[in-house]
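Now for the letters of each chain:
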Amino acid sequence: MFSFNDTYNALSDTRLHPWVDQFKDAVHKRMADYTHGNITQWIELLKQLPDITPDQIDITNKVAIGSRQQLSDSEFEQLEQLLKQFHPWRKGPYHLFGQHIDTEWRSDWKWDRIKNHISPLKDRIVLDVGCGNGYHCWRMAAQEPKLVLGIDPSQLFLMQFAIMQKYLSNHPVHYLPVGLEYLPQNMGKQGFDTIFSMGVLYHRRSPIDHIIHLKNLLKPGGELVLETLVIDGEDDQCLIPRDRYAQMNNVWFLPTTGMLKNWMRKCGLEDVQVANVSTTSTEEQRATDWMTFQSLEDYLDPHDKGLTIEGYPAPKRAFMVAQKPLQKNKKP
Ligand SMILES: Nc1ncnc2c1ncn2[C@@H]1O[C@H](C[S@+](CC[C@H]([NH3+])C(=O)[O-])CC(=O)[O-])[C@@H](O)[C@H]1O
């Protein structure tokens, strides 16, 4: 099994140290509950990555590691074949020794929409809930946080993260393959400085409990950055799809930004701001050579791109930024 000792050691070196045993238990429980059948094969594949030091790295403007001239033509082709065995590549793009991993999502566009609306991450302890393969964790690392912890239950995404980590290990970015429900319920004063939850809330059956859990993992004065699908409408409106939404069968609540604000305030967060609202385009989410399954284009009404195939408003996402009060209040 993959070793997470470096991650536990890194967490132990911060004020999160009282919680390290619980993080460890969570990973062990998760692996005991479910270990992906391909994991051994993937770990073997990781060993075939080129053992060279990148001659350049950029995580400020994109995630680019090394250059094309560091590989011969055959090594370049072998790298492509190796990386393709980790299909589907959903979040990115990545540039690895000249290989352009053209992922389903332009996750860089999402980062561009929020990066100027958050408190600077320098010296902060950051949690990215549902981090996918960790694309945004690397972009966060460019701001020199003390530590970034990405969590996501997907073991394939953990492997994609491990590919980049091989070359970016001098950055304090770590990944644990667990869902939020495996983390402590409340971390009190030793909680995170900033928590990102992007693209997760609409998958939760109980969105209020999700927000309360995130708040309880923040230290007093910490910042929550929440991104989710929203609809247009009044402050008291929310869409609960009858069945699927844009072909996804695990979508529960799509609030208006007004209702989302209300939820966050009710949960005891302060200074709740709508930082950005944007409609997802078929340029931002699309099938590529690196993600060959269906994508957004196939989930929209062919006659009206403003609607999903089920007749609901097409995907629109809002970024909310809020603070946990310094003083305890009577909220949950
Ligand atoms: N219980 C859970 N706890 C935590 N994560 C979960 C859970 N269940 C599923 N996930 C993970 O949540 C992620 C949601 S994608 C957002 C990725 C990134 N944040 C992005 O904003 O691009 C959705 C989207 O495409 O927007 C997936 O990687 C799941 O494995």
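Conventions and cut-offs
- Residues numbered from 1 in each chain as written.
- Predicted model: local features only at pLDDT ≥ 70, side-chain atom pairs only at ≥ 80, totals over all residues.
- Heavy atoms only, no water.
- Helix = DSSP H or I, 4+ residues; strand = E, 2+ residues; numbered from the N terminus.
- Buried < 20%, exposed > 50% of the residue type's maximum accessible area, 1.4 Å probe, protein only.
- Contact = heavy atoms within 4.5 Å.
- Near = heavy atom within 4 Å.
- Polar contact = N/O pair within 3.5 Å; in protein donor to acceptor, adjacent residues only side chain to side chain.
- Areas by Shrake-Rupley, 256 points an atom, 1.4 Å probe, with all protein chains shown as cover.
- UniProt positions renumbered as here; feature names shortened; annotations may be inferred.

1. Regarding unusual backbone geometry
A negative phi holds for most residues other than glycine; trans holds for most peptide bonds.
Okay, step 1: Along the chain, histidine 87 connects to proline 88 via a cis peptide bond; the corresponding omega equals 0 degrees.
Okay, step 2: Take proline 88: it is sitting in the loop between helix 4 (73–84) and strand 3 (91–92).
Okay, step 3: With omega at 5 degrees, the peptide bond leading from glycine 92 into proline 93 counts as cis.
Okay, step 4: With phi around 45 degrees, phenylalanine 97 is a residue other than glycine that occupies positive phi space.
Okay, step 5: Within the secondary structure layout, phenylalanine 97 lies in the loop between strand 4 (94–96) and strand 5 (99–101).
Okay, step 6: With a phi angle near 50 degrees, aspartate 271 is a residue other than glycine that sits in the positive phi range.
Okay, step 7: Positionally, aspartate 271 belongs in strand 14 (residues 270–279).
Okay, step 8: Residue class for aspartate 271 comes out partly exposed when judged on its relative accessible area of 49%.

2. Focus on helix 8 (residues 207–217)
Okay, step 1: Burial of helix 8 is extensive: nine of the eleven residues sit out of reach of the surface.
Okay, step 2: Those residues of helix 8 lying buried are Pro207, His210, Ile211, Ile212, His213, Leu214, Lys215, Asn216 and Leu217.
Okay, step 3: For helix 8, the secondary structure elements touched by its buried residues are strand 7 (125–129), strand 10 (192–198), strand 11 (218–229) and helix 9 (257–266).

3. Considering the environment of threonine 14
Okay, step 1: Residue position: threonine 14 is located in the loop between helix 1 (5–12) and helix 2 (20–33).
Okay, step 2: Owing to a relative accessible area of 7%, threonine 14 belongs among the buried residues under this scheme.
Okay, step 3: Between the C-alpha atoms of threonine 14 and phenylalanine 253, which are 239 residues apart in sequence, the distance is 35 Å.
Okay, step 4: Setting aside residues no more than four positions away along its own chain, threonine 14 makes contact with Ile125, Lys146 and Leu147.

4. Some words on the site of the ligand
Okay, step 1: The local shell around the ligand holds 19 residues, among which Lys91, Lys110, Gly130, Asp152 and Met198 are the closest.
Okay, step 2: Here an oxygen atom of the ligand and a side-chain polar atom of lysine 91 are 2.6 Å apart.
Okay, step 3: At 3.1 Å from an oxygen atom of the ligand is found a side-chain nitrogen or oxygen belonging to tyrosine 202.
Okay, step 4: Burial of the ligand by the surrounding chains reaches 84%, relative to a free accessible area of 630 Å².

5. Observations regarding the UniProt feature "binding site: carboxy-S-adenosyl-L-methionine" (unreviewed entry) in the chain
Okay, step 1: Those residues carrying the UniProt feature "binding site: carboxy-S-adenosyl-L-methionine" (unreviewed entry) are Lys91, Trp105, Lys110, Gly130, Asp152, Pro153, Ser154, Leu180, Glu181, Met198, Tyr202 and Arg317 in this numbering. The annotated residues occupy 227 residues of the chain and do not converge on a single region, their most distant C-alpha atoms lying 25.8 Å apart.
Okay, step 2: Within the element layout of this structure, leucine 180 appears in the loop between strand 9 (173–176) and strand 10.
Okay, step 3: In this structure, arginine 317 sits in strand 17 (residues 316–323).
Okay, step 4: For arginine 317, a relative accessible area of 8% gives the class buried.
Okay, step 5: A polar contact of 3.1 Å, which involves the side chain of arginine 317, links it to the side chain of tyrosine 202.

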